Amino acid sequence: MSPLSIAIIGTGSVGSALAQAFGSLGHTLTLGVRDVDALSARDLADELAANVAPPVEAVRGADIVVLAVPGSVTVDVARSLGDLSGTLVLDATNPVGAGLLPPHQPDGRSLAEQVADMLPGAHVVKGFNTLAAEHMGLGRLGTQPIALFLCGDDPAAKQTVIELAEALGFEPVDMGGLDRARLTEPLALAWITLARRQGRNVAFSLARP
């Protein structure tokens, strides 16, 4: 895979982990943060030789925009990014409701579909949202690859995410169109529930004969 320009919006545990993972593959990184002078963002940028910019500037000219912000602000953040027509948007966020259950949506739509509504013309792919942040650069537990569930409506965009996942050692599992995020987002809540009961060193895999 040729080097890509990747803008990562959010530098919490998931955003930082994905920045380190994609940086290890040789891709060019820009960290999109509200406070460009925050020491945590600057330290991460220095570690990865990345740029730091406000989100709306970070996404300009990016090949991939990664959303790695809390689910509660994801739609607002997506709305604020402006025109991303033709850009691959990797949605790694999760909606978390009370009691670690999916939040009620009257129309049953996923958070990823709502992101797509805010970014008309963007190629939204849901992925990297059903595992621990500390496993994002590993792709496997022991000798077993971690299943990376993803979905999206644009085949070329999905293929790019598949190649990123394979380069990190994951087993990509294509679930179909973006409406399948209605199934994969609750998997994140299942993982959180398992992690609280068994520890964070657990991940999903797909058994094959």
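For the structure itself, consult the block above.
Quick caveat: nothing in here was measured; it's all calculated off a predicted structure. (Residues numbered from 1 in each chain as written. Predicted model: local features only at pLDDT ≥ 70, side-chain atom pairs only at ≥ 80, totals over all residues. Heavy atoms only, no water.)

> I'd like a rundown of the sheet that holds strand β1 (residues 5–9), residues and numbers included.
The strand order across the open sheet formed by eight strands is β3-β2-β1-β4-β5-β6-β9-β10, and the pairing between neighbours is mixed. Bordering the open sheet on either side are β3 (51–53) and β10 (171–174), each of which pairs with just one other strand. For this sheet, the mean inter-axis angle between neighbouring strands, taken without regard to orientation, is 25°. Bridge count for β1 against strand β2 (residues 28–32) is five bridges, and the pairing is parallel. Paired with I9 across the strands is G32, a residue of β2. Sitting on the sheet, helix α5 (residues 111–118) touches β4 (64–67), β5 (88–91) and β6 (123–126), and the angle it makes with β6 is about 165°. Along the sheet, helix α7 (residues 181–198) makes contact with β5, β6 and β9 (147–152), crossing β9 at roughly 145°. (Pairing = 2+ DSSP bridges. Helix = DSSP H or I, 4+ residues; strand = E, 2+ residues; numbered from the N terminus. Axes fitted to C-alpha atoms, helices over the stretch in contact; angles between N-to-C directions. Contact = heavy atoms within 4.5 Å.)

> Give a detailed account of the pattern of salt bridges, specifying residues and quantitative values.
Within this structure, the stated rule accounts for eleven salt bridges. Among the salt bridges present, the one from K126 reaches E185, with a minimum N-O distance of 2.8 Å. Of the two residues, K126 is situated in strand β6 and E185 in helix α7; the sequence distance between them amounts to 59 residues. Of the two residues, K126 and E185, both sit in the buried class. R200 is paired through a salt bridge with E134; the nearest N and O atoms lie 2.7 Å apart. Residue R200 is located in the segment after α7, and its partner E134 is located in the loop between β6 and β7 (140–141); the two are separated by 66 residues in the primary sequence. Note on E134: relative accessible area 41%, which makes it partly exposed. Through salt bridges with shared partners, a single ionic network connects D107, R109, E113, D117 and R182. (Salt bridge = Lys/Arg side-chain N within 4 Å of Asp/Glu carboxyl O. Buried < 20%, exposed > 50% of the residue type's maximum accessible area, 1.4 Å probe, protein only.)

> Tell me about the nonpolar core, residues and numbers included.
By size, the foremost hydrophobic cluster in this structure holds 36 residues, and its most contacted members are I8, F22, L90 and F128. At the level of secondary structure, the elements contributing two or more residues to this core comprise β1, α1 (13–24), β2, α2 (39–48), β4, β5, β9 and α6 (155–167). Excluding anything up to four places from it in sequence, I8 contacts G15, L18, A19, F22, L29, T30, L31, G32 and V66. Membership of the second largest hydrophobic core comes to 22 residues, among which are A7, A62, V115 and A122. (Core = buried A, V, L, I, M, F, W, Y, C linked by side-chain atoms within 4.5 Å.)

> Quick rundown of the packing of α1 against α2? Include the residues and the values.
For the pair α1 and α2, the least separation of the axes is 10 Å and the interaxial angle reads 10°. Here α1 lies roughly parallel to α2, going by the angle between them. Between α1, through S16, A19 and Q20, and α2, the contact on the second element is made entirely by L44, E47 and L48. In terms of residue class, the contact of α1 with α2 is made up of three nonpolar, two polar and one charged. (Parallel < 35°, antiparallel > 145°, perpendicular 65-115°, else oblique. Nonpolar A, V, L, I, M, F, W, Y, C, P; charged D, E, K, R; others polar.)

> Outline the layout of surface pockets, listing residues and values.
Roughly 430 Å³ of volume is contained in the largest pocket. Considering the residues around the largest pocket, the lining is formed by 22 residues, among which S13, V14, V69, A92 and N94 are closest to the centre. Broken down by class, the residue content of the lining of the largest pocket amounts to 14 nonpolar, seven polar and one charged. Its volume calculated, the second largest pocket comes out at about 360 Å³. Along the walls of the second largest pocket sit 17 residues, with G10, V33, R34, V69 and V77 positioned nearest its centre. Of all elements in the fold, only α3 (55–58) and α4 (74–80) reach the threshold of two or more residues within the lining of the second largest pocket. Grouping the constituent residues of the lining of the second largest pocket by class yields ten nonpolar, five polar and two charged. (1 Å grid on protein atoms, 1.4 Å probe; cavity = no way out; pocket = protein on both sides within 12 Å on 5 of 7 lines; lining within 4 Å. Points joined across faces, edges and corners; volume = space filled by probe spheres on them.)

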